Amino acid sequence: MKITEHIAQSSGVTQFTFEILPPLKGQSIHALFNVIDELMEFNPPFIDVTYHREEHVYKEVGNGLLEKKVIKKRPGTVGICAAIQGKYKVDAIPHILCGGFSKEDTENFLIDLDFLEIDNVVALRGDALSNETYFTAEEDGHRYANELVEQITALNQGTYLDEALLNSHATNFCIGVSGYPEKHMEAPSLDSDIHFLKKKVAAGAEYVVTQMFFDNQKYFDFVRKVRAEGINIPIIPGLKPLSTLKQLNMIPHRFHVDLPETLVKEVIKCKDNNAVKQVGIEWCIEQSKELKESNVPFLHYYSMSKSDNIKAIAKEIF
Ligand code: FAD
């Protein structure tokens, strides 16, 4: 079922949802099923599955020589989505990227999703590769998420890349896109980022999922600004409980997200990561309570494929 239909059927009740990562190559899917098993009691209407593009690594081949290899550390997004829909009878939402995909790859990926009766996709640009300063699109790929949304919308209208295809089947994907309450790291300003969000909506996006944030006011301000620009689609808040001391530096650095001073002080006082995890849970419970009171359609948790902290939060909220 489409996300928009889930919202229509929810009678205004906030629902629990979460995101998982495909396992590292070489791991089985069963550890992931264990995580999902632990969280199913909170009745998620959907589960997001991230997509991870290839990375370049250099392997020693002797005589001091290095060989450049392309590997995918976390393959399996489509297979996991199919497995989730079959096993748990909930919607699985694959993320799909511009990065690493030609338009033809994108079309074929979408055809697979359509055949698997996947009704929703989250369309994203993806990040630059570790050896790139800036994101580089494939020669025949998309440069920005709005272009990817345009391609999905075209397929929803039965328009394939080969326009000579006659009587072609129109897909029916509900398209989600990202939103950044504290602006995307490359955007010169929040206004500019919202300008491009508007392009994604004009291209056919039907809902937004936000980047993590630790100060609800940033989310409320973002929603207000986005609405003032005439964007009226649902904006689903994404939440991540802090769980390690390392994240205190990693999250602001990698995601360009601020951590409130009170939270930072609480984490600094912690003796170990168990204590940090507890602080993260308590902080996220307070954020969740306030967001739920503001009638958001879903609280969407970035689980990082771990269930214990998400379960502790969900128990208090749902
Ligand atoms: P875009 O919307 O294309 O924006 C990228 C930047 O370009 C922004 O600064 C924007 O302001 C600007 N911009 C946008 N359109 C234009 C335009 N037409 N012309 C000029 N400038 C423009 N990454 C993964 O690799 N896998 C995942 O599964 C994944 N899931 C995510 C889920 C969520 C909810 C979020 C918030 C992020 C996720 N990411 C994922 C990370 C994401 O890929 C990165 O943040 C990436 O750098 C930007 O992707 P985007 O879709 O937001 O890009």
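Residues numbered from 1 in each chain as written. Predicted model: local features only at pLDDT ≥ 70, side-chain atom pairs only at ≥ 80, totals over all residues. Heavy atoms only, no water.

Some details on the sheet that holds strand β1 (residues 15-20)
As a reminder of what qualifies: DSSP-based pairing: two strands are paired if at least 2 bridges between them are found. Helix and strand labels come from DSSP, where a helix needs a run of H or I of at least four residues and a strand needs a run of E of at least two; each type is numbered from the N terminus. Whether two residues are in contact is decided by their heavy atoms, any of which lying within 4.5 Å being enough. Lines are fitted to the C-alpha atoms to define the axes, a helix being fitted only along its stretch in contact, and any angle between axes, read from their N-to-C directions, falls within 0 to 180 degrees.
With respect to topology, 9 strands assemble into an open sheet ordered β9-β8-β7-β6-β5-β2-β1-β11-β10, the strand pairing being parallel. Strand pairing shows two members of the sheet lacking a second neighbour, β9 (235-236) and β10 (238-239), which therefore form its edges. The pairing of strand β8 (residues 207-210) with β9 spans 2 bridges and is parallel. Each residue of the ladder has a partner; that of Val-209, found in β9, is Ile-236. Running at roughly 170° to β1, helix α2 (residues 30-39) makes contact with β1 and β2 (46-49) of the sheet. Across the sheet, helix α5 (residues 145-156) lies against β5 (91-97), β6 (120-124) and β7 (174-179), angled at about 150° from β6, the strand it touches most.

As for the packing of aromatic side chains
Selection rule: Each Phe, Tyr or Trp ring (for Trp, its six-membered ring) is paired with any other whose centre lies within 6.5 Å, and the angle between the two planes then decides the class: stacked below 30 degrees, edge-to-face above 60, tilted in between.
Counting across every chain of the model gives 11 aromatic pairs. Ring centres of Phe-16 and Phe-318 lie 5.6 Å apart, and the angle between their planes is 65°; on these two criteria the pair is classed as edge-to-face. Pair noted here: Phe-16 is in strand β1 and Phe-318 is in the segment after α11 (308-317), with a separation of 302 residues, a long-range link. Taken together through their ring pairs, the aromatic side chains of Phe-16, Phe-18, Phe-42, Tyr-301 and Phe-318 make up a single cluster.

Thoughts on the site of the ligand
Going by this rule: By convention in this text, a residue qualifies as near a molecule or strand provided that one of its non-hydrogen atoms is within 4 Å of it. Pairing of N or O atoms within 3.5 Å defines a polar contact, subject to two protein rules: one partner must be a possible hydrogen donor and the other a possible acceptor, and residues neighboring in sequence count only if both atoms are side-chain atoms. Working definition of accessibility: Shrake-Rupley area with a 1.4 Å probe, residue cover restricted to the visible protein chains.
In the vicinity of the ligand lie 22 residues, with Asp-127, Ser-178, Tyr-180, Asp-193 and Lys-200 positioned nearest. Between the ligand and Arg-125, the relevant distance is 2.8 Å, taken from an oxygen atom to a main-chain nitrogen or oxygen of the residue. Contact distances for the ligand include 2.5 Å between an oxygen atom and a side-chain N or O atom of Asp-127. With the chains in place, 87% of the 970 Å² that the ligand exposes on its own is no longer accessible. The dominant element in the shell around the ligand, judged by the number of residues it contributes, is helix α6 (residues 190-203), at 3 residues.

Considering the nonpolar core
The criterion, for reference: For the purposes of this section, nonpolar cores are sets of buried Ala, Val, Leu, Ile, Met, Phe, Trp, Tyr and Cys residues that join through side-chain atoms within 4.5 Å. Partly exposed describes any residue whose relative accessible area lies between the buried limit of under 20% and the exposed limit of over 50%, with all areas from a 1.4 Å probe on protein chains only and scaled to the type maximum.
If you look at the biggest cluster of nonpolar residues, it comprises 90 residues, and the most contacted ones within it are Ile-20, Ile-84, Ile-152 and Tyr-301. It is helix α10 (residues 273-293) that contributes the most residues to this core, 6 residues altogether. Those residues in contact with Ile-152 that sit more than four places away from it in its chain are Ile-96, Leu-110, Val-121, Ala-123, Thr-171, Phe-173 and Ile-175.

Thoughts on the side chain of Thr-77
Looking at the secondary structure, you find Thr-77 in helix α3 (residues 77-88). Note on Thr-77: relative accessible area 2%, which makes it buried.

Structural notes on helix α9 (residues 261-268)
Put simply, the test is: Directions drawn from the helix axis to the C-beta atoms are what define this arc.
Looking only at α9, the buried set comprises Leu-263, Val-264 and Val-267. Viewed end-on, α9 has its buried residues packed into an arc of 100°, placing them on one side of the element. In this structure, α9 carries Glu-261, Thr-262 and Lys-265 as exposed residues pointing more than 90 degrees from its buried face.

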